[in-house]
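# Commentary on secondary and tertiary structure
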Amino acid sequence: MSRYLRARAKHKGAELPDLWLADRGGKRLAPIDDTDPEQALILLERARTLDRYNETLYQEIARLQARLGQHDAVVRTFALLAKTLAELEEDPSQEAVALCEFLQRSRSADCSLGRTD
């Protein structure tokens, strides 16, 4: 876990695991224990509130939501990512768009994420 995220978690009283999935740059550091995907999803959602602009967190949340069969939540997660990044006048990465499309391929969900290109 990055020092930034650990400090923010400590300040907010959050209990986050020592092994974390990404640093602030989005580089994967270690997987979250996936033996309890619902608990992992709770931890990822908590981390997202601490690091709102970390696109990797949204992607990992969406992967878990898809794994848990929460396909509508996948679309909402990517819509939230697009809205959050719009605050910075940024769009989700091509990787994020591709992941959304991949996770929803068998469904008719709109994964355009409001891209302007």
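In what follows, the accompanying structure is described. These numbers come from a predicted model, not from an experiment.

What counts as what
Residues numbered from 1 in each chain as written. Predicted model: local features only at pLDDT ≥ 70, side-chain atom pairs only at ≥ 80, totals over all residues. Heavy atoms only, no water. Salt bridge = Lys/Arg side-chain N within 4 Å of Asp/Glu carboxyl O. Helix = DSSP H or I, 4+ residues; strand = E, 2+ residues; numbered from the N terminus. Buried < 20%, exposed > 50% of the residue type's maximum accessible area, 1.4 Å probe, protein only. Core = buried A, V, L, I, M, F, W, Y, C linked by side-chain atoms within 4.5 Å. Contact = heavy atoms within 4.5 Å. Expected span 1.5 Å × (residues − 1). Polar contact = N/O pair within 3.5 Å; in protein donor to acceptor, adjacent residues only side chain to side chain. Arc of directions from axis to C-beta.

## Considerations on the pattern of salt bridges
In a structure, side chains of opposite charge can pair up when their charged atoms sit close to one another. Counted under the stated rule, the structure contains three salt bridges. A salt bridge links Arg 52 to Glu 87, with the nearest nitrogen and oxygen atoms 2.7 Å apart. Residue Arg 52 is found in the loop between α2 (37–50) and α3 (55–67), and its partner Glu 87 is found in the loop between α4 (71–86) and α5 (94–104); the two are separated by 35 residues along the sequence. Among the ionic pairs, Arg 63 bridges to Glu 60, the shortest N-O distance being 2.9 Å. On the criterion of helical spacing, the pair formed by Arg 63 and Glu 60 is a turn pair, its members being three residues apart in helix α3.

## As for the side chain of Glu 55
Structurally, Glu 55 is set in helix α3. Under the relative-accessibility criterion, Glu 55 is labelled buried at 17%.

## Remarks on the nonpolar core
The nonpolar side chains of a soluble globular protein tend to be buried with one another. Core analysis: the largest hydrophobic core is formed by eleven residues, namely Tyr 58, Ala 62, Ala 66, Val 74, Phe 78, Leu 81, Leu 85, Ala 96, Leu 99, Cys 100 and Leu 103. Among the secondary structure elements, those contributing two or more residues to this core are α3, α4 and α5. The contacts of Tyr 58, once residues within four sequence positions are left out, are Arg 48, Arg 52, Thr 77, Leu 80, Leu 81 and Thr 84. Formed by seven residues, the second largest nonpolar core is a distinct cluster that contains Ala 40, Leu 44, Leu 57 and Ile 61.

## A short note on α3
Between its first and last C-alpha, α3 extends 19 Å over 13 residues, near the 18 Å set by a 1.5 Å rise per residue. Taking burial as the measure, the 13 residues of α3 include eleven buried ones, the bulk of the element. When α3 is considered as a whole, its buried residues turn out to be Glu 55, Thr 56, Leu 57, Tyr 58, Gln 59, Glu 60, Ile 61, Ala 62, Leu 64, Gln 65 and Ala 66. Each element contacted by the buried residues of α3 is listed here: α2, α4 and α5. You can read the cap of α3 off the contacts: a side-chain oxygen lies 3.1 Å from the backbone nitrogen of Thr 56, and it is on Asn 54. Looking one or two residues past α3, Gly 69 carries a phi angle of roughly 80°, positive in sign.

## A few points about the environment of His 71
Residue placement: His 71 occurs in helix α4. The exposure class of His 71 is partly exposed, given its relative accessible area of 22%. Expressed as a C-alpha distance, the spacing of His 71 and Gln 104, which sit 33 residues apart in the sequence, is 7.1 Å.

## Quick notes on α5
Within α5, the full set of buried residues consists of Ala 96, Val 97, Leu 99, Cys 100, Leu 103 and Gln 104. The buried residues of α5 occupy one face: seen down the axis, they fall within an arc of 160°. Away from its buried face by more than 90 degrees, α5 exposes Gln 94, Glu 95 and Phe 102. Buried residues along α5 sit in contact with α3 and α4.

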